[in-house]
Amino acid sequence: IDVQDIADQLHLNRSYLSRIFRENTSISIQSYLTNTRLQAARSLILQKYTIAQAGAMVGYSDIASFSRAFKNYYRVSPKQYLRLDMAQKEGKDITT
């Protein structure tokens, strides 16, 4: 789903939808969609889907784009995120 899909469903102009969304939320609708996708992907990764599967399931057509967006949002790659989560669950010290 993208901004144009939402605008079409609501019978609104894309620019108008983007403007009123930002005015009411202080975030762009595109950022909101990206954040929502990445949060869903994080959840899927933690549910043991592969990184490629999680990326595809939330709408990324290639793993490189997904990994780049994930790292930009979470400040670690999906693989690092999974490793950190596993280490935390095992009670390992990940700072050394």
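One can find the structure itself at the top, above this paragraph.
About the thresholds
- Residues numbered from 1 in each chain as written.
- Predicted model: local features only at pLDDT ≥ 70, side-chain atom pairs only at ≥ 80, totals over all residues.
- Heavy atoms only, no water.
- Phe/Tyr/Trp six-rings, centres within 6.5 Å; stacked < 30°, edge-to-face > 60°.
- Buried < 20%, exposed > 50% of the residue type's maximum accessible area, 1.4 Å probe, protein only.
- Helix = DSSP H or I, 4+ residues; strand = E, 2+ residues; numbered from the N terminus.
- Contact = heavy atoms within 4.5 Å.
- Expected span 1.5 Å × (residues − 1).
- Salt bridge = Lys/Arg side-chain N within 4 Å of Asp/Glu carboxyl O.
- Axes fitted to C-alpha atoms, helices over the stretch in contact; angles between N-to-C directions.
- Parallel < 35°, antiparallel > 145°, perpendicular 65-115°, else oblique.
- Left-handed = near helix turned anticlockwise from the far one by under 90°.
- Core = buried A, V, L, I, M, F, W, Y, C linked by side-chain atoms within 4.5 Å.

Focus: the packing of aromatic side chains
This structure, assessed with the given rule, holds seven aromatic pairs. The interplanar angle of 85° and the centroid separation of 4.7 Å between the aromatic rings of Tyr73 and Tyr74 together place this pair among those described as edge-to-face. Looking at Tyr73, the relative accessible area reads 32%, which means it is partly exposed. In textbook terms, an aromatic cluster arises when at least three aromatic residues are bridged by ring pairs, as seen for Tyr60, Phe66, Phe70, Tyr73, Tyr74 and Tyr81.

Observations concerning the side chain of Ser77
As for its placement among the helices and strands, Ser77 is situated in the loop between α5 (63-74) and α6 (78-89). Classification of Ser77 as buried rests on a relative accessible area of 17%. Other than its neighbours up to four places away in sequence, Ser77 contacts Phe70 and Lys71.

Section: helix α2 (residues 14-25)
Compared with the 16 Å implied by 1.5 Å per residue over 12 residues, the 16 Å span of α2 between its first and last C-alpha is a close match. Positive backbone phi, approximately 65°, marks Ser26, located one or two places after α2.

Some points on the pattern of salt bridges
Throughout the structure, instances matching the rule amount to two salt bridges. For the salt bridge of Arg19 with Glu23, the shortest nitrogen-to-oxygen distance reads 3.6 Å. Taken as a pair, Arg19 and Glu23 lie in helix α2 at a separation of four residues, close to a single helical turn. Judged by relative accessible area, Arg19 falls into the partly exposed class, the value being 47%.

Thoughts on the packing of helix α3 (residues 29-46) against α6
As a packed pair, α3 and α6 sit with axes 10 Å apart at the nearest point and diverge in direction by 50°. By the angle between their directions, the pair α3 and α6 is classed as oblique. Viewed along their axes, α3 and α6 form a crossing whose handedness is right-handed. Contacts between α3 and α6 involve Arg42, Ile45 and Leu46 from the first element and Pro78, Tyr81, Leu82 and Asp85 from the second.

Some details on the nonpolar core
Nonpolar side chains in soluble globular proteins tend to be buried together. One finds Leu38, Ile45, Val58, Tyr60, Phe66, Phe70 and Tyr74 to be the most contacted residues of the largest nonpolar core, which totals 15 residues. For this core, the elements supplying multiple residues, two or more each, are α3, α4 (51-57), α5 and α6. Setting aside residues up to four positions removed in sequence, Tyr60 forms contacts with Thr34, Arg37, Leu38, Gly55, Ser65, Phe66 and Ala69.

Any link to function would need more than the numbers given here.
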